[in-house]
Amino acid sequence: MKSICFIGARGGSKGVKRKNIRLLDGKPLIAYTIIEAKKSKLLNSVYVSTEDEKISHTSKKFGINVIKRPKKFAKDTTQGYVPIQHAIKYLESKYNQIIDVIVVLQPTSPL
């Protein structure tokens, strides 16, 4: 059974730009979510989906695969399931494998 973790992190927040890579106690906010996801023995892999190059770079520094999200799926009006669908279609076509379970973690709620 193929299970993945999806962490959606867009850079264009209205309130706080690039909040996902703002430092919290010396680490980027997204790092806390990445670190915990990587600890799971139930997940085959962890992916960050983003349209933002700085978030992508930060995620890769923590050993995470990044799915480049089209900007049209990274707007304030984009419904939450749209980037998840994009990620599933991308991964299934790239690896020719069906994803059975997807766990969605929010980088802005690391606790």
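Above this note sits the structure.
S.K.: Even after reading the chapter, I still don't get unusual backbone geometry, so can you show me in this structure?
M.R.: Among all residues save glycine, negative phi is the norm, and among peptide bonds the norm is trans. The phi torsion at aspartate 25 lies on the positive side, around 55°, for a residue other than glycine. Summarising the element assignment, aspartate 25 is placed in the loop between strand S2 (23-24) and strand S3 (27-28). The phi dihedral of asparagine 96 falls on the positive side, at around 50°, and the residue is not glycine. Secondary-structure assignment places asparagine 96 in the loop between helix H3 (81-95) and strand S6 (101-105).

S.K.: Sorry if this is basic, but what is going on with the nonpolar core here?
M.R.: Of all hydrophobic cores here, the largest spans 12 residues; its members are Cys5, Ile7, Ala9, Ile21, Ile30, Ile34, Ala37, Leu43, Val46, Val48, Ile55 and Ile64. For this core, the elements supplying multiple residues, two or more each, are strand S1 (3-8), helix H1 (29-39) and strand S4 (45-50). The biggest single contributor to this core is H1, with three residues. Leave out the neighbours within four places in its chain, and valine 46 touches Cys5, Ile7, Ala37, Lys38, Ile64 and Asn65. Core analysis: the second largest hydrophobic core is formed by eight residues, Ile4, Ala87, Leu91 and Ile99 among them.

S.K.: Help me out: how do you make sense of the pattern of salt bridges in this one?
M.R.: The full count for this structure, using the stated rule, is four salt bridges. In this structure, arginine 10 and aspartate 76 form a salt bridge, with 2.3 Å as the shortest nitrogen-oxygen distance. A residue pair is termed long-range when its members are at least 10 positions apart, and arginine 10 in the loop between S1 and S2 and aspartate 76 in the loop between strand S5 (65-68) and H3 qualify at 66 residues. Note on aspartate 76: relative accessible area 39%, which makes it partly exposed. A salt bridge links lysine 39 to glutamate 36; its shortest N-O distance comes to 3.0 Å. Taken together, the positions of lysine 39 and glutamate 36, both in helix H1 and three residues apart, correspond to about one turn of that helix.

S.K.: How should I be thinking about empty space enclosed by the protein in this particular structure?
M.R.: Where empty space is left can be seen by rolling a probe of water-molecule size over the atoms. All told, the structure shown has one cavity of 30 Å³ or more when counted by the stated rule. When its volume is computed, the largest cavity comes out at roughly 40 Å³. Lining the largest cavity are Lys2, Ile4, Tyr47, Leu91, Tyr95, Gln97 and Ile99.

S.K.: Help me understand H3, please; the structure alone is not making it clear to me.
M.R.: An α-helix turns once per 3.6 residues; consequently, residues spaced three or four apart project the same way. With 15 residues, H3 extends 21 Å between its outermost C-alpha atoms, agreeing within 8% with the 21 Å of an ideal straight helix rising 1.5 Å per residue. Of the positions making up H3, those classed as buried are Val82, Pro83, Ile84, His86, Ala87 and Leu91. Where H3 terminates, the next one or two residues include asparagine 96, which has phi positive at roughly 50°.

S.K.: Explain the sheet that holds S5 to me, please; I cannot follow it from the model alone.
M.R.: Picture the strands of a sheet paired through backbone hydrogen bonds; they go either parallel or antiparallel. Ordered by their spatial adjacency, four strands build an open sheet running S5-S4-S1-S6, and the pairing between neighbours is parallel. Pairing within the sheet leaves two strands with one partner each, and these edge strands are S5 and S6. Going across the sheet, the axis of each strand differs from the next one's by a mean of 30°, ignoring polarity. For S1 and S6, the ladder comprises five bridges, and the chain directions are parallel. What sits directly across from cysteine 5, in S6, is valine 103.

Calculation rules
- Residues numbered from 1 in each chain as written.
- Predicted model: local features only at pLDDT ≥ 70, side-chain atom pairs only at ≥ 80, totals over all residues.
- Heavy atoms only, no water.
- Helix = DSSP H or I, 4+ residues; strand = E, 2+ residues; numbered from the N terminus.
- Core = buried A, V, L, I, M, F, W, Y, C linked by side-chain atoms within 4.5 Å.
- Buried < 20%, exposed > 50% of the residue type's maximum accessible area, 1.4 Å probe, protein only.
- Contact = heavy atoms within 4.5 Å.
- Salt bridge = Lys/Arg side-chain N within 4 Å of Asp/Glu carboxyl O.
- 1 Å grid on protein atoms, 1.4 Å probe; cavity = no way out; pocket = protein on both sides within 12 Å on 5 of 7 lines; lining within 4 Å.
- Points joined across faces, edges and corners; volume = space filled by probe spheres on them.
- Expected span 1.5 Å × (residues − 1).
- Pairing = 2+ DSSP bridges.
- Axes fitted to C-alpha atoms, helices over the stretch in contact; angles between N-to-C directions.

Purely geometric numbers; function is a separate question.
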